[in-house]
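Here is how the chains run, residue by residue.
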Amino acid sequence: MNLPNPNISADLPRIHQLDEAAINRIAAGEVVERPASAVKELVENALDAGARRIEVAIAHGGKSLIRVTDDGHGIAADDLPLALARHATSKIDGSDLLNIASFGFRGEALPSLGAVGRLSITSRAPGAAAARIEVAGGRMGPVTPAALTRGTVVELRDLFFATPARLKFLRSDRAEGQAIGDVIRRLAMAEPFVAFVLRDVSDGGEGRVIFRADAEAGDLFDAMRGRLARVLGADFAENALRIDAEREGVALLGYAALPTYSRGAAVAQYLFVNGRPVRDKLLIGALRAAYADFLSRDRHPAAALFVECDPTFVDVNVHPAKAEVRFREPGLVRGLIVSALRHALAEAGHRASSTVAGATLGALRPEPAAPRAYQMDRHGPRAIAAAYAAQAPAPLSPGLCEPSARFETTEPAPEAERLPLGAARAQIHENYIIAQTETGFVIVDQHAAHERLVYERLKRQMAESGIAAQALLIPEIVELSRDDAARLMDHADMLTRLGLTIEPFGPGAIAVRETPAVLGEVNAGALIRDILDELADLGDSQTLQARIEAILSRVACHGSIRSGRRMRVDEMNALLREMEATPHSGQCNHGRPTYVELRLADIERLFGRR
């Protein structure tokens, strides 16, 4: 194969300075990856300008047109040429690059966009006349008068016309439009008091509104909840827990969904640092660790979390698109997220997602086979009598088994129905408990519910008495690199609390002297390497804790009430009361619901009574 030589040729070409157009196109390759990147930069500029309403119009997935209109404070006419110069900005003075409170600060977005597309800026500063400037392929035109009431309009046409090779790497108009919608939704979640509108004007005119979110009112949490309901749906807001925690100057706000409102992929995880949307592996790992005890590996939590801290505590200048951040004390942030989420989930008690009941009602609702009979066209008495006769249960033939259901004839105490999970009324198929509440009834999976109760009891006992360790007759020596051995010894105290005792054994090796007794015989070398992988990836390890809890989960499964066991009414009510008093009892050890609650109003609607 005749591949090009990637090395500099031997004749030592002279070093020369690139021209300004080439510099801007290179910068655009880092900042503007696709149309969604351009929209992100322009909308963030509008937010930095104090805009209270932002409207974005796109055509053909943003390839032919991106127009961002805002009502911010605008740009003075004399500053317009400077706004298109590289590294020119009004957001920082350059004296402290760690104290950054705005979205943008590098001054690269506008000149980069002007280098690869046809860019125009029309703006009006307070008390001044509106002005306009254009730049195409890096060639800037003069400042001219314009007509504009307030704010700024930035219009970008023919993105990448100056670098046509980049166009080949863009996806379809639909895919690029969806990426732009995702950017707008993330920024809308971060700014609930700002109105956002996204239009597709590919066919001309006013276009089609793709997304609209009016400015929210009220306090921060009310506004945040309203905006999340608008962006993520009412189901998320209904099944989300409020998160409000603070530790050593770092605050965590937002909403996290119940474990039973989990998703099949990590598509509903939105993380923000000082209002900036980020995709940071530290934050994602902390979110995953907080739900590790409630979800199976193939399920993912849904959450919108906002980390607020002093700007000097976090470095936002570590990624070209500012999508990643670096914290001065990552362990503090991770610990805050894990503890705050677990505390909120514990306070939720036995609560389960309302979508479970919705799915149940959807499964029960029959497909309409004929037009519904209303009052004006009800059937006659003979037809009704024939229908009743056809629906009457037939007598059991000899040899057939009795129905697998038992109904309690004893009348429960009236106050039991006023409790959250009500009073037990029946057991069907020796596995499901039917309990009546004031507003409907509850169906409980007795095995899944009791499995969770036993599991929580075992965890509580382990926390109180500690984790028993078993000493190895001959310590197992694990060979590692010097760096890995040092990293592992930094966490030796934490591992000892979990029953794993390690000691240094010369340079680049450790000796494993004790392992958790509950794990039985373990491959210490494989366990140590799994812990090291997690330490390198996330800065913390939950591997050992997860393995111990997996053993407890299996013990709880074998020690719980089995399916097929007939329960007395006092046993069923005792199970319901213990569920009400036990945190996390709304889902089993695998994240599935332990009960379904059906409201009387929904049941009446199911039968056409409402």
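Coordinates for the structure precede this section.
Numbering of residues begins from 1 in every chain and follows the order in which that chain's sequence is written. The model is predicted, so local features are restricted to residues of pLDDT at least 70 and side-chain atom pairs to those at 80 or more, both for listing and for counting; the totals for chains, interfaces and linings are taken over all residues. Heavy atoms throughout the structure, all of them, feed into the side-chain values; hydrogens and water do not.

## Topic: the overall build of the chain
Counting from the N terminus, the helices are the DSSP runs of H or I reaching at least four residues and the strands are the DSSP runs of E reaching at least two. Helix and strand counts for the chain come out as 19 helices and 24 strands. To sort residues, take the accessible area from a 1.4 Å probe on protein chains only and compare it with the maximum for the residue type: under 20% means buried, over 50% means exposed, and anything in between is partly exposed. The burial tally for the chain puts 45% of its 610 residues in the buried class. Taking as baseline every contact in the chain between residues at least 6 positions apart, the subset at least 24 positions apart corresponds to 68%. Method for areas: the Shrake-Rupley scheme with a 1.4 Å probe, in which residue coverage is limited to the protein chains shown. Here the chain has roughly 32,000 Å² of accessible surface; of this, 53% comes from carbon and sulfur atoms. Only heavy atoms enter the contact rule, under which two residues are in contact if any of them lie within 4.5 Å.

## Considerations on the packing of aromatic side chains
Ring pairs shown here join Phe, Tyr and Trp side chains whose ring centres sit within 6.5 Å, with only the six-membered ring taken for Trp; geometry is labelled stacked below 30 degrees between planes, edge-to-face above 60, and tilted in between. Tallying each qualifying case throughout the model produces four aromatic pairs. Considering the side-chain rings of F313 and F327, the 6.3 Å spacing of their centres and the 50° angle between planes classify their relative orientation as tilted. With F313 in the loop between β14 (303-308) and β15 (314-315) and F327 in strand β16 (residues 326-327), this residue pair connects regions lying 14 residues apart in the sequence. A relative accessible area of 11% means that F313 is categorised as buried. Above the face of the F161 ring, R118 is positioned so that its terminal group lies 3.9 Å from the ring centre. Only when the NZ atom of a Lys or the CZ atom of an Arg is both within 6 Å of the ring centre and within 35 degrees of the ring normal do we say a charge sits over the ring.

## Regarding empty space enclosed by the protein
Here a cavity denotes a set of grid points, spaced 1 Å apart and computed over the protein atoms alone, in which a 1.4 Å probe fits but from which it cannot get out, and a pocket denotes an open set meeting protein on both sides within 12 Å along at least five of seven lines; residues with an atom within 4 Å of a point are reported as lining. Grid points are joined across faces, edges and corners, and a volume is the space filled by probe spheres set on the points. With the rule as written, the count across this model stands at two cavities of 30 Å³ or more. Its boundaries defined by the atoms lining it, the second largest cavity holds a volume of some 30 Å³. Every residue lining the second largest cavity is listed: L258, P259, L345, A348, G349, R351, H584 and Q587. When residue character is reported, Ala, Val, Leu, Ile, Met, Phe, Trp, Tyr, Cys and Pro are called nonpolar, Asp, Glu, Lys and Arg charged, and the others, Gly included, polar. Grouping the constituent residues of the lining of the second largest cavity by class yields four nonpolar, three polar and one charged.

## Regarding the nonpolar core
Residue types Ala, Val, Leu, Ile, Met, Phe, Trp, Tyr and Cys, when buried and joined through side-chain atoms within 4.5 Å, form a set referred to as a nonpolar core. Ranked by internal contacts, the top residues of the largest apolar core, which has 60 residues, are V43, I54, V56, I184 and F196. The biggest single contributor to this core is helix α6 (residues 173-190), with eight residues. Dropping the residues within four chain positions of it, I54 is found in contact with V43, A46, L47, V68, T69, D70, V194, A195, F196 and V197. Grouped together as the second largest cluster of nonpolar side chains are 39 residues, V278, A303, A344 and L345 included.

## Observations concerning the pairing of strand β12 (residues 269-273)
Counting buried residues in β12 gives five out of five residues, a clear majority hidden from the surface. The alternating pattern of β12 places Q269, L271 and V273 on one face and Y270 and F272 on the opposite face, and all of these are buried. DSSP bridges decide pairing: two strands pair if at least two such bridges lie between them. Both β12 and β14 contribute to a ladder of five bridges, which runs parallel. For Q269, the partnering residue across the bridge sits in β14 and is A303. Here β12 pairs with strand β13 (residues 276-278) via three bridges, running antiparallel. Residue pairing in the sheet places V273 in a bridge with R276 of β13. Connecting β12 to the antiparallel partner β13 that follows it, the hairpin turn spans two residues, and N274 within it adopts a positive phi of roughly 50°.

## Focus on the sheet that holds strand β23 (residues 509-516)
If you trace the three strands from one edge of the open sheet to the other, you get β21-β23-β22, paired in antiparallel fashion. Each of the sheet's edge strands pairs with one partner strand only, and the pair in question is β21 (469-479) and β22 (501-504). Put simply, the sheet's adjacent strands are angled 20° from each other on average, direction ignored. Taken together, the seven bridges between β21 and β23 define a ladder with antiparallel strand orientation. In the sheet register, A469 faces β23, and the bridge partner there is P516. All axes are obtained by fitting lines to C-alpha atoms, using only the stretch in contact for helices, and the reported angles, taken between N-to-C directions, cover 0 to 180 degrees.

## Digging into the pattern of salt bridges
In what follows, salt bridge is the name for a side-chain nitrogen of Lys or Arg lying within 4 Å of a carboxyl oxygen of Asp or Glu. Applying the stated rule across the entire model yields 26 salt bridges. In this structure, D200 engages R208 in a salt bridge whose closest nitrogen and oxygen atoms are separated by 3.5 Å. Measuring nitrogen to oxygen at the nearest pair gives 3.9 Å for the salt bridge that ties D293 to R452. Note that D293 is positioned in the loop between α9 (281-290) and β14 and R452 in helix α13 (residues 446-465), a separation of 159 residues in sequence. Ionic contacts of the salt-bridge type, sharing partners, join the residues D293, R452, E456 and K459 into one network.

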